[in-house]
Amino acid sequence: MKVVVIDDSPEIIEVVSLCFQLRWTDAGILSASTGAAGLELVEAESPDMVILDIGLPDMEGFDVLREIRRFSHVPVIMLTVRGEDIDVAKGLEMGADDYITKPFSHIELI
């Protein structure tokens, strides 16, 4: 399994990586701290899943999701502090497969 994590927090990337590697020892975790770098990774690597934050330094995660959906149907999980109903609805309507708010449980993520 290959997972791309797009988040500007090194701590979140580390926790997500650990969660996946504990459950799936062969999981390959690739990460990007900006939306642009994340888009490049998704396009180049064709991952099995994308974990995407909304608050990125160069662009909003919703815009990253919109771009991903232009070329891929890869499952995308929004993982963000923005838990307002409007944000959840927007993410799911734009094509996210799930929406998890931070702080999160590793069990919920897996």
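For the structure itself, consult the block above.
Calculation notes
Each chain has its residues counted from 1, running along the sequence as written. Selection of residues for local features in this predicted model requires a pLDDT of at least 70, selection of side-chain atom pairs for listing and counting requires 80 or more, and totals for whole chains, interfaces and linings are taken over all residues. Only hydrogens and water are set aside; all other atoms, that is, all heavy atoms of the structure, feed into the side-chain values. Here a strand pair is declared whenever DSSP counts at least two bridges between the two strands. Numbering of helices and strands runs from the N terminus, with a helix taken as a DSSP run of H or I at least four residues long and a strand as a DSSP run of E at least two residues long. The axes used here are C-alpha line fits, helices contributing only the stretch in contact, and every angle between their N-to-C directions lies in the interval 0 to 180 degrees. Contact between two residues is taken to exist if any of their heavy atoms lie within 4.5 Å; hydrogens are not considered. An angle counts as roughly parallel when it lies under 35 degrees, as roughly antiparallel when it exceeds 145, as roughly perpendicular when it falls between 65 and 115, and as oblique in every other case. Two helices crossing with the near one rotated counterclockwise from the far one by less than a right angle form a left-handed crossing, whereas a clockwise rotation gives a right-handed crossing. In this count, Pro and Cys sit with the nonpolar residues alongside Ala, Val, Leu, Ile, Met, Phe, Trp and Tyr, while Asp, Glu, Lys and Arg are called charged and the others, Gly among them, polar. Pairs of N or O atoms within 3.5 Å make up the polar contacts considered here, provided that, within protein, one atom can donate a hydrogen while the other can accept it, and that residues adjacent in sequence are counted only when both atoms are side-chain atoms. Burial status follows relative accessibility: with a 1.4 Å probe on protein chains alone, a residue under 20% of its type maximum counts as buried, one over 50% as exposed, and anything between as partly exposed. The directions from the helix axis to the C-beta atoms form the arc being described.

A.B. asks: Let's hear about the pairing of strand S2 (residues 28-32): which residues, and what values?
C.D. replies: Pairing analysis gives 5 bridges linking strand S1 (residues 2-6) to S2, with the strands arranged parallel. If you follow Val4 over to S2, its bridge partner there is Leu30.

A.B. asks: Which residues make up the sheet that holds strand S3 (residues 49-52), and what are the values?
C.D. replies: Sheets are built from strands that pair by backbone hydrogen bonding, the pairs being arranged parallel or antiparallel. If you trace the 5 strands from one edge of the open sheet to the other, you get S2-S1-S3-S4-S5, paired in parallel fashion. If you trace the sheet from one side to the other, it starts and ends with S2 and strand S5 (98-101), each paired once. Taking the axes of each pair of neighbouring strands and ignoring which way they run, one obtains an average angle of 20° across the sheet. In this sheet, S3 lies alongside S1 in parallel orientation, the contact comprising 4 bridges. Bridge pairing in S3 links Ile6 to Leu52. Against the sheet, helix H1 (residues 10-23) engages S1, S2, S3 and strand S4 (76-80), with an angle of about 165° to S2. Where helix H3 (residues 61-71) meets the sheet, its contacts fall on S1, S3 and S4, and the angle it forms with S4 comes to roughly 175°.

A.B. asks: Any chance you could break down the packing of helix H2 (residues 35-45) against H3 for me, citing the residues and the numbers?
C.D. replies: Taken N-terminus to C-terminus, the directions of H2 and H3 make an angle of 20°; their axes are 10 Å apart at the nearest point. One element, H2, and the other, H3, form an angle in the roughly parallel class. The handedness of the crossing between H2 and H3 is right-handed. Counting all contacts with H2, which are made through Gly35, Leu39, Val42 and Glu43, the residues of H3 involved are Val64, Glu67, Ile68 and Phe71. Residue composition of the contact of H2 with H3, by class: 5 nonpolar, 1 polar and 2 charged.

A.B. asks: How would you summarise the environment of Thr34 if you had to cite specific residues and measurements?
C.D. replies: With respect to the helices and strands, Thr34 occurs in the loop between S2 and H2. When the C-alpha atoms of Thr34 and Gly83 are compared, they prove to be 21 Å apart, with 49 residues separating the residues in sequence. Those residues within four positions of Thr34 in sequence are excluded, and the remaining contacts are Ile6, Leu56, Pro57 and Asp58. Looking at Thr34, its side chain comes within polar contact range of the main-chain nitrogen of Ala37, at 3.1 Å.

A.B. asks: Go over H2, please, and point to the residues and values.
C.D. replies: All of the buried residues in H2 are Gly35, Gly38, Leu39, Leu41 and Val42. Down the axis, H2 shows its buried residues gathered within 160° of arc, on one side only. Of the exposed residues in H2, the ones pointing more than 90 degrees away from its buried face are Glu40, Glu43 and Ala44.

By themselves, these observations are geometric and do not establish any function.
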